[in-house]
Amino acid sequence: MTGLSIENIHYAYGGARALDGVSLNVPEGGIIALLGSNGAGKTTTAKVIAGAFAPSRGRVVFNGETLSGMPVHRVMRRGIVLVPEGRQVFAQMTIQENLLMGAFKESNRSRVAELLEKSFETFPRLKERRSQLAGSLSGGEQQMLAIARGLMGEPRLLVLDEPSLGIMPKLVEEIFVLIERVAESGVSILLIEQNVRASLRVASHAYVLEKGRIILDGEGDALLNDAFVQNAYLGVDD
Amino acid sequence: MTGTLFLQTLVDGLILGGIFSLSAVGFSLIFGVLGVVNLSHGIFVLLGAYLGLALKEAWGIDPLMAIPLVFGALFVLGGLVQITLVSGAVRRGSLMSSLLITFGVSLMLRDLIILVFGPDVQSLSSSWLFDTFRIGGVIVDGARASGLIASLLSLGLLSYVLYRSKVGRAMRATAQQDFAAGLCGIDVKKIYAMTFGVSAGFAGVSGIIVGLINPFTPFDDTHWTLNAFVTVVLGGVGSPVGALLGGLMLGGISTFSSQYVGSLYPNVFIFGALLLMLIVRPNGLLGNAYKGSV
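Residues numbered from 1 in each chain as written. Chains lettered and ligands numbered in written order. Predicted model: local features only at pLDDT ≥ 70, side-chain atom pairs only at ≥ 80, totals over all residues. Heavy atoms only, no water.

- Per an unreviewed UniProt entry, chain B goes by Branched-chain amino acid ABC transporter permease and derives from Marivibrio halodurans.
- Here is the UniProt Subcellular location (unreviewed entry) comment for chain B, exactly as written: "Cell membrane".
- Of the comments in the UniProt record for chain B, the one headed Sequence similarities (unreviewed entry) reads "Belongs to the binding-protein-dependent transport system permease family. LivHM subfamily." (UniProt positions renumbered as here; feature names shortened; annotations may be inferred.)

- As recorded by an unreviewed UniProt entry, chain A carries the name ABC transporter ATP-binding protein and is attributed to Marivibrio halodurans.
- Taken verbatim from the UniProt record of chain A, the Sequence similarities (unreviewed entry) comment is "Belongs to the ABC transporter superfamily."

### Describing the overall build of chain B
Part 1: Along the backbone of chain B there are eleven helices and two strands.
Part 2: A compact globule built from 294 residues would reach a C-alpha radius of gyration of about 19 Å, and chain B, at 19 Å, matches this within 12%.
Part 3: Expressed as lengths along the three principal axes of its C-alpha atoms, the size of chain B is roughly 60 × 50 × 35 Å.
Part 4: Within chain B, residue pairs in contact and separated by at least 24 positions form 77% of the contacts whose partners lie at least 6 positions apart.
Part 5: For chain B, the accessible area works out to roughly 12700 Å², and carbon and sulfur atoms hold 71% of it.
Part 6: For chain B, the separation between the mean place of its 14 positive charges and that of its 11 negative charges on side chains is 17 Å. (Helix = DSSP H or I, 4+ residues; strand = E, 2+ residues; numbered from the N terminus. Rg over C-alpha atoms; globule rule 2.2 N^0.38 Å. Contact = heavy atoms within 4.5 Å. Areas by Shrake-Rupley, 256 points an atom, 1.4 Å probe, with all protein chains shown as cover. Lys, Arg positive; Asp, Glu negative; His and termini not counted. Charge placed at Lys NZ, Arg CZ, Asp CG, Glu CD.)

### Thoughts on the packing of aromatic side chains
Part 1: The final tally for this structure, using the stated rule, is eleven aromatic pairs over all chains.
Part 2: Summarising the aromatic geometry, the rings of Tyr 13 of chain A and Phe 53 of chain A are spaced 5.6 Å apart at their centres and angled 90 degrees between planes, so their arrangement reads as edge-to-face. Note that Tyr 13 of chain A is positioned in strand S1 (residues 4–13) and Phe 53 of chain A in the loop between helix H1 (42–50) and strand S4 (57–62), a separation of 40 residues in sequence.
Part 3: Assessed through its relative accessible area of 17%, Phe 53 of chain A is described here as buried.
Part 4: Ring geometry for Tyr 50 of chain B against Phe 216 of chain B: centres 5.0 Å apart, planes inclined by 85 degrees, an arrangement best described as edge-to-face. A residue pair is termed long-range when its members are at least 10 positions apart, and Tyr 50 of chain B in helix H2 (residues 41–59) and Phe 216 of chain B in the loop between helix H8 (188–213) and helix H9 (221–235) qualify at 166 residues. (Phe/Tyr/Trp six-rings, centres within 6.5 Å; stacked < 30°, edge-to-face > 60°. Buried < 20%, exposed > 50% of the residue type's maximum accessible area, 1.4 Å probe, protein only.)

### What to know about the side chain of Glu 193 of chain A
Residue and element names in this part refer to chain A.
Part 1: Its place among the elements puts Glu 193 in strand S8 (residues 188–193).
Part 2: Of note is the side chain of Glu 193, whose polar atom sits 3.0 Å from the backbone nitrogen of Asn 195.
Part 3: When neighbours within four sequence positions are excluded, Glu 193 is seen to be in contact with Leu 34, Leu 35, Gly 36, Lys 42, Glu 162, Pro 163, Ser 164, Phe 176 and Ser 199. (Polar contact = N/O pair within 3.5 Å; in protein donor to acceptor, adjacent residues only side chain to side chain.)

### Considering the sheet that holds strand S3 (residues 31–35) of chain A
Note on sheets: strands pair through backbone hydrogen bonds, and any given pair is parallel or antiparallel.
Residues and elements named next belong to chain A.
Part 1: Across the sheet, which stays open at both edges, the six strands sit in the order S6-S7-S8-S3-S9-S10 with mixed pairing between neighbours. Each end of this open sheet is capped by a strand with a single partner; those strands are strand S6 (80–83) and strand S10 (213–219). Neighbouring strand axes in the sheet, compared pairwise and without regard to direction, differ in orientation by 15 degrees on average.
Part 2: Lying over the sheet, helix H10 (residues 227–234) contacts strand S9 (205–210) and S10, oriented at roughly 120 degrees with respect to S10. (Pairing = 2+ DSSP bridges. Axes fitted to C-alpha atoms, helices over the stretch in contact; angles between N-to-C directions.)

### Re the UniProt feature "transmembrane region" (unreviewed entry) in chain B
Part 1: Per the UniProt entry, the sites bearing "transmembrane region" (unreviewed entry) are residues 14–36, 43–59, 65–86, 98–118, 138–163, 191–213, 225–248 and 260–280 of chain B in this numbering.
Part 2: Secondary structure across residues 260–280 of chain B comprises 76% helix and 0% strand; the distance between its end C-alpha atoms is 25 Å.

### Digging into the interface of chain B and chain A
Part 1: Facing the 22 residues of chain B at the interface are 24 residues of chain A.
Part 2: Buried surface at the junction of chain B and chain A, summed over both partners, amounts to about 2000 Å²; 65% is from carbon and sulfur atoms.
Part 3: Among the residues of chain B in contact with chain A, Phe 179, Leu 183 and Cys 184 of chain B are the three that bury the most area, contributing 32% of the side total.
Part 4: Linking chain B with chain A are one salt bridge, by the criterion used here.
Part 5: Note that Arg 172 of chain B and Glu 97 of chain A form a salt bridge whose closest N and O atoms lie 2.5 Å from each other.
Part 6: Going through the elements one at a time, helix H6 (166–176) and helix H7 (178–183) of chain B are the ones with two or more residues in the side of chain B that touches chain A.
Part 7: Ranked by residue count, the leading element in the side of chain B that touches chain A is H6 of chain B, at six residues.
Part 8: When grouped by side-chain class, the residues that make up the side of chain B that touches chain A number eleven nonpolar, six polar and five charged. (Buried area = accessible area lost by both parts, 1.4 Å probe. Salt bridge = Lys/Arg side-chain N within 4 Å of Asp/Glu carboxyl O. Nonpolar A, V, L, I, M, F, W, Y, C, P; charged D, E, K, R; others polar.)

### Description of the packing of helix H1 (residues 2–34) of chain B against H9 of chain B
All names here are of chain B.
Part 1: Their axes nearest at 8 Å, the elements H1 and H9 cross at an angle of 85 degrees. Put simply, H1 runs roughly perpendicular to H9. Across from Ile 19, Phe 20, Ser 23, Ala 24, Phe 27 and Ser 28 in H1, the residues of H9 making contact are Trp 224, Thr 225, Asn 227, Ala 228, Phe 229, Thr 231 and Val 232.
Part 2: Of the residues assigned to the contact of H1 with H9, the class counts are eight nonpolar, five polar and no charged. (Parallel < 35°, antiparallel > 145°, perpendicular 65-115°, else oblique.)

### Notes on the packing of H2 of chain B against helix H4 (residues 95–117) of chain B
All names here are of chain B.
Part 1: Two elements in contact, H2 and H4, have axes separated by 10 Å at closest approach and are oriented at 20 degrees. Classified by the interaxial angle, the pair formed by H2 and H4 is roughly parallel. As H2 runs across H4, the sense of the crossing is left-handed. Contacts from Ile 43, Phe 44, Leu 46, Leu 47, Tyr 50, Leu 53 and Ala 54 in H2 reach Ser 106, Leu 109, Arg 110, Ile 113 and Phe 117 in H4.
Part 2: Here the residues of the contact of H2 with H4 are counted per class, giving ten nonpolar, one polar and one charged. (Left-handed = near helix turned anticlockwise from the far one by under 90°.)

### Regarding empty space enclosed by the protein
Part 1: All chains considered together, the criterion is met by one cavity of 30 Å³ or more.
Part 2: Approximately 70 Å³ is the volume found for the largest cavity.
Part 3: Considering the residues around the largest cavity, the lining is formed by Met 76, Val 81, Leu 82, Val 83, Pro 84, Gly 102, Ala 146, Arg 149 and Gly 150 of chain A together with Ala 180, Leu 183 and Cys 184 of chain B. (1 Å grid on protein atoms, 1.4 Å probe; cavity = no way out; pocket = protein on both sides within 12 Å on 5 of 7 lines; lining within 4 Å. Points joined across faces, edges and corners; volume = space filled by probe spheres on them.)

### Some words on helix H3 (residues 95–102) of chain A
Because the α-helix completes a turn every 3.6 residues, residues three or four places apart line up on one side.
Part 1: Across the eight residues that make up H3 of chain A, a large majority, seven, are buried.
Part 2: For H3 of chain A, every residue scored as buried is listed here: Ile 95, Glu 97, Asn 98, Leu 99, Leu 100, Met 101 and Gly 102 of chain A.
Part 3: Lining the buried residues of H3 of chain A we find helix H2 (72–77), helix H4 (109–122), helix H5 (124–128) and helix H6 (139–152) of chain A together with helix H5 (142–164) and H6 of chain B.

Below, the structure written as structure tokens:
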């Protein structure tokens, strides 16, 4: 099949079990959400997909190719780009340099220039400040930069790990609009979030992770109206 | 007359400082990018000097002409040391094991030098290097002048690579966020090996210049490791400019204290300055070029 599929992934830190048989699919096109509270195993799942952790059992398959066991830079070159939790921009480099790093695998200079131009079109605020150090940006702007850097790598699948974490509400809205726009441009998205309500609005399908297991999955709208989800994650009492 | 003496001391300090800078820049780079305190740094400096000696004696290659060859040889050696020995310590993130491993490497290489060249004092000097010229009242000989020029050219080249080339950007990115660098498609292990190689290469080049000016023995490596350490603390970690400033300070302190206080006392002033710097500006004059100063 095309797209990403994670099959029965197990992972433990030392003796502590973090993922206990996680399976999920991200078909080509559209937005899939992976939801859950702190410590549910969301970031661990992201790192297994990106190649930072090799699962003890199970495998990660992308467009028919098994990726688990590949190092991070090679997974990236297969078309999966992770925008990590905490943004991890290169603080002591300029915004433009950060973006150029995102296109590191591209050796054709004119192609890199094209990508940069496109990026500045999507993120005009970054263009204005291209020669400033990334460390001088606010949290929300750094998140924008991290996403823009990820897109410079021309991903087929963009994995976003908690893009709204620690960002002021006005910018959170902007980021979710941006995510929808990226998806419309044909990049598949795996959105990993604690912000359940906003994620379910944009996602076509969502998985709920708890203590290293997928406990629930379904279409975005259906989960929004699901009594359990409302109780546990949306704070709705009925 | 005293004015001339002051000027002469200043010029000598600058020349010595240029050499200190070049000999320290690799140490600074490895610490900035890999977080490893490379105790084998001094032995790479010496290996450069001995390699220059071997090339001169075997084929009559002038030491200055041998600089590219020595850089290449040390680049390969440094990369191999990183891939085979140091990478384990980097992976574990353990400062102690990186100290032990690099110390072990320096002992092995020192014994190898003794085995091949013997423990005696050697020198790279050739006759033309003693030609002196006079600018105003200041006397400079060929060895020192060419040493200073080679140092500044090398530092400039490294700056250019770090700040203007793709691989240099990848090194700086890896130093700042190694995980994110990997996510950008950079093979972080390859960057680590290249950083080690470049650092060893520049150490080797500085060794040639050291050999042109001073005699050397296989036991000088601790001296050069220590100098690199002090230079980096004075100037700041990770940038060639920091190494240049630290080296010039170290050179200045060293020559002025031995000229005006006594040739036995430079260490008192050097380590005095080191202590003062650690108290007043623990990140060095320029701070950390990668992590941002506190």
